[in-house]
Structure formats: C-alpha cells, structure tokens
Amino acid sequence: MLPTVAWKDGSVVMIDQRRLPGEEVYLTLQGVEEVAQAIEKMAVRGAPAIGITAAYGAALGYRLLGRDDPEAWQETLRRLAATRPTAKNLFWALDRMERFYRQLGGAPYSEKLTALVREAVAIDEEDVEMNRRMGRYGASLFQDGDGILTHCNAGALATGGYGTALGVIRAALEAGKRVHVFADETRPLLQGARLTCWELLRDGIDTTLITDNMAAFLMQKGRVQRVVVGADRITSLGYVANKIGTYGVAVLAKEHGVPFYVAAPFSTFDLSLREGEEIPIEERRGAELLSLQGVTTAPAGVKTWNPAFDVTPPDLISALITERGILFPPYHLSIAEAAARKG
Ligand code: MRU
C-alpha cells in the first residue's frame, strides 16, 4: 500500500503530494518546523493524513528535545496545531498524543519517547483499519454499474491508507460491484485531477476526469448514480466541512435525485460544534487563484477570495459512512447514538 506518511529512523517520511502526478518524490523531515510547513504548504494534505503527520511531528519534537521538557513539548504541539484550522483530525490527533503523554506520568525519557512514537504509529495504523471498516459498511450503498462522482481527494493519499470516500469505492469494487468513478478536477489546487486520478489509475480503477463545472451536465445526462466525498469536520447536527466545491456538488445531487454520501471516521467529528457557521474555514493565499502550475491565469492586482473549504448542510446529505456504521438522518440523533457507542 502507498505510504502516505511514516516514521522512519527517527524522522517523518512522506510522499510530496505537490509533485504528483509528475514525480514520486519522498521527503525526509527532521525538524518540527519542517513538519509544520509540510502541512501548511500541503506536501501532505487530507484531514486524517494531516492528523497522522501531526502525531508523528509531536513524537519527533519530543525526540529532538533529548530530555523530558513538558513546557518545550507544548511549544511543539502549539506549532503543529497552528498549521491548518479546518480539519478536526489535526486537533484530535494532537489531543490524543498529549493525553497519552500525561498518562505516562514519571516514566524515564527514553520510555516516554518509545511510547509516543508507538502511539503515533497506532494513530496511523488505526486510521487504515477504520477506513477498511468504513469501506465494508459503505460498499452496501453501491450497486453494480454505478457511476460515482467524487470531489477532491479522500483516498489513500489523504489518510493512513485505503481512503475514506475512495476506500468505500475500493470496497465496492472488492465486493464485485463494477462501479465507474468520475473525479472532479477540484480547483484551485487540483487534488482531484492530480491525486485522485493518480491513485485510482495506479490501482487500475476505471476513472474519468471532469472539470468542476461539468458535474451538473454529467448528472443531467444520468451518468451519476451516487456521490461520495470525505470530510474535514462534521458537527453534532451533521454539517460537513469539506473541500471547496463540495456544497455545490451536494446541491446538484439533490436537484438530480442522486444520493450524496460523506465518508469520514469519528476523528473528523467535532461534537463541541452544532452549526455549520461555527466551523473555522481556512482561507488561503490569493496567489493560488492567479496562476496554475506556474502559468499566470489572472491579471496581477485583481482581488481574490480563496476559501479552502465549504459547509454542506445535513439536509443535503443522504448518509454519513463511518467506522461505526452508516448514519442516517436525523443526524443529531444518529451521530449522538454512534458517539455514545464506542468503536
Ligand atoms: O485542502 P485539502 O487537500 O487538505 O482538503 C482535503 C479534503 O477536503 C478532503 O476531502 C478531506 O480532508 C477528507 S480526506 C479523507
């Protein structure tokens, strides 16, 4: 399986997703600042993958301290938390590392270091396991011959492996359903074109690339039977933050009577929030809209607005696919019930 991010010989190793699909380049990160910048500059991206990277970054920060210094380690955690604001998984993973550290009490430094590295690896491995479980649940929603539209990249590259939305698609194929994937290009950073198409083709999965503005016509032509996307944060009422453009796809799906599914592990849920407006939405540099792969596409000086995510309201979502089962509306009840039920 594709190693999105890993701990190797005391460093954090990851595939540089900015270089895909042209080049398969691996980065070896030896400092916390490097890890933080890899998240900020999107060498690694996708909510679960960001969380896993932050967990490895936290272990790396502790290793570099060379002694047990809780104050200094807090600084590491704060730097990693300040990278990207929307994906809940980032904060979930850092909280888990911090809580785990506190449980270690007065153990010697070397023991704590080994334990922290193991915990980060566990977060990574559990994510893959959750994706596989989610896939098994989600596959039941698909039928042989379905055309499935997805937006952005919620695949192996966005997770510890296998993927959330793409994991469900992989599981449907493994269950013998011959589904066909339509991948939205996903402007401005092209995660759909560059990453989703790359990893699906690598696995021999039948995939067609469309630009974002083609989804409506594709649905009108009756070629999409389901939509499945990932999520960066889901509130207790079922509002879903995901890559900018997801909301538009959900509106289109409703208009065309196409089921719209969101696949995400519980580490993406933020039960402290209720409404969609409460989710912090990252706004990125306007420069991302002014050029494409180094080629200028808009006049310098034009104003820009570049939100990285949008929020889809629960009434547009047919089901939430989680590792604890498929949740149906009303979400305030099904989410609370699944949250109370462990694992
Ligand atoms: O800005 P990105 O590329 O990190 O955004 C990623 C997405 O929006 C994904 O759909 C989401 O994180 C789910 S990944 C399993």
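Attention here is on the structure that accompanies the text.

Procedures and definitions
Here the residue numbering is sequential within each chain, running from 1 through the sequence in written order. Per-residue local features of the predicted model are confined to residues with pLDDT of at least 70, and side-chain atom pairs are confined, for both listing and counting, to 80 or more; whole-chain, interface and lining totals are unaffected and use all residues. Side-chain measures here rest on the full set of heavy atoms in the structure, leaving out hydrogens and waters. Where helices and strands are cited, they refer to DSSP runs of H or I of at least four residues and of E of at least two residues respectively, numbered from the N terminus. For the radius of gyration, the atom set is restricted to C-alpha positions; the globular benchmark scales as 2.2 Å times the number of residues to the power 0.38. Buried means the residue's accessible area, taken with a 1.4 Å probe over protein chains only, is under 20% of the maximum for its type, while exposed means over 50%, and partly exposed covers the values in between. Contacts between residues were defined by any pair of non-hydrogen atoms, one from each residue, lying within 4.5 Å. Values of accessible area rely on a 1.4 Å probe in the Shrake-Rupley scheme; residue burial ignores everything except the protein chains shown. Just so you know, the count uses Lys and Arg for positive and Asp and Glu for negative, and it drops His and the chain ends. Charge positions come from single atoms, namely NZ of Lys, CZ of Arg, CG of Asp or CD of Glu. What makes two strands pair is DSSP finding at least two bridges between them. Helix axes use the C-alpha atoms of the stretch in contact, all axes being lines fitted to C-alpha atoms, and the angles between their N-to-C directions lie in the range 0 to 180 degrees. Here a crossing is called left-handed whenever its near helix is offset anticlockwise from the far helix by less than a right angle, and right-handed whenever the offset is clockwise. Following the grouping adopted for this structure description, the nonpolar residues are Ala, Val, Leu, Ile, Met, Phe, Trp, Tyr, Cys and Pro, the charged ones are Asp, Glu, Lys and Arg, and the polar ones are all others, Gly among them. In these notes, residues near a molecule or strand are those with any non-hydrogen atom within 4 Å of it. Whenever two N or O atoms come within 3.5 Å, that pair is a polar contact, provided that in protein one can donate a hydrogen and the other can accept it, and provided that, for residues adjacent in sequence, both atoms are side-chain atoms.

1. Remarks on the overall build of the protein chain
Within the protein chain, the regular secondary structure consists of 11 helices and 16 strands. Taken over C-alpha atoms, the radius of gyration comes to 20 Å for the protein chain, in line with the 20 Å a tight globule of 343 residues would show. Taken along the three principal axes of its C-alpha coordinates, the protein chain extends 65 × 50 × 40 Å. Scored against the burial criterion, the 343 residues of the protein chain give a buried share of 58%. Taking the intrachain contacts of the protein chain between residues at least 6 apart in sequence as the baseline, contacts between residues at least 24 apart amount to 74%. Counting every atom, the protein chain has about 14,200 Å² of accessible surface; 53% of that belongs to carbon and sulfur. Side-chain charges in the protein chain split into 38 positive and 42 negative, and the spacing between the mean points of these groups amounts to 1 Å.

2. A word on the sheet that holds strand β2 (residues 11–15)
Within the open sheet, the three strands sit side by side as β1-β2-β3. Their pairing is antiparallel. At either margin of the open sheet sits one strand with a lone partner, and together these are β1 (5–8) and β3 (26–29). With strand direction ignored, the average angle separating the axes of adjacent strands in the sheet is 25°. Looking at chain direction, β2 and β3 are connected through four bridges and run antiparallel. Residue Ile15 lies in a different strand from β3, and its bridge partner there is Tyr26. The sheet strands contacting helix α2 (residues 47–65) are β1, β2 and β3, and the helix crosses β1 at an angle near 20°.

3. Here's the deal with unusual backbone geometry
The peptide bond linking Leu20 to Pro21 adopts the cis configuration, its omega dihedral lying at 5°. If you trace the backbone, Pro21 turns up in the loop between β2 and β3. Each neighbour pair has its own omega, and for Arg187 with Pro188 the value is 5°, a cis peptide bond. Checked against the element boundaries, Pro188 lands in the loop between β5 (180–184) and α7 (191–202). In this structure, Cys152 is a non-glycine residue whose phi angle is positive, near 65°. Tracing the backbone shows Cys152 in the loop between β4 (147–150) and α6 (165–174).

4. Quick notes on the packing of α2 against helix α4 (residues 88–103)
It is at 7 Å that the axes of α2 and α4 come closest, and there the two elements cross at 35°. As α2 runs across α4, the sense of the crossing is right-handed. Touching Ala47, Pro48, Ile50, Gly51, Ala54, Ala55, Ala58, Ala59 and Tyr62 of α2 are Asn89, Leu90, Ala93, Leu94, Met97 and Tyr101, all from α4. Within the contact of α2 with α4, the residues separate by chemical class into 13 nonpolar, two polar and no charged.

5. As for the site of the ligand
Contacts to the ligand come from 19 residues, most closely from Arg45, Ala47, Arg84, Asn242 and Lys243. Within the contact set of the ligand, an oxygen atom lies 2.8 Å away from a side-chain nitrogen or oxygen of Arg84. In this structure, Asn242 approaches the ligand through a side-chain N or O atom, which is 2.6 Å from an oxygen atom. Protein chains shield 100% of the accessible area of the ligand, which is 420 Å² for the free molecule.

Scope: geometric values only; no functional claims are made or implied.
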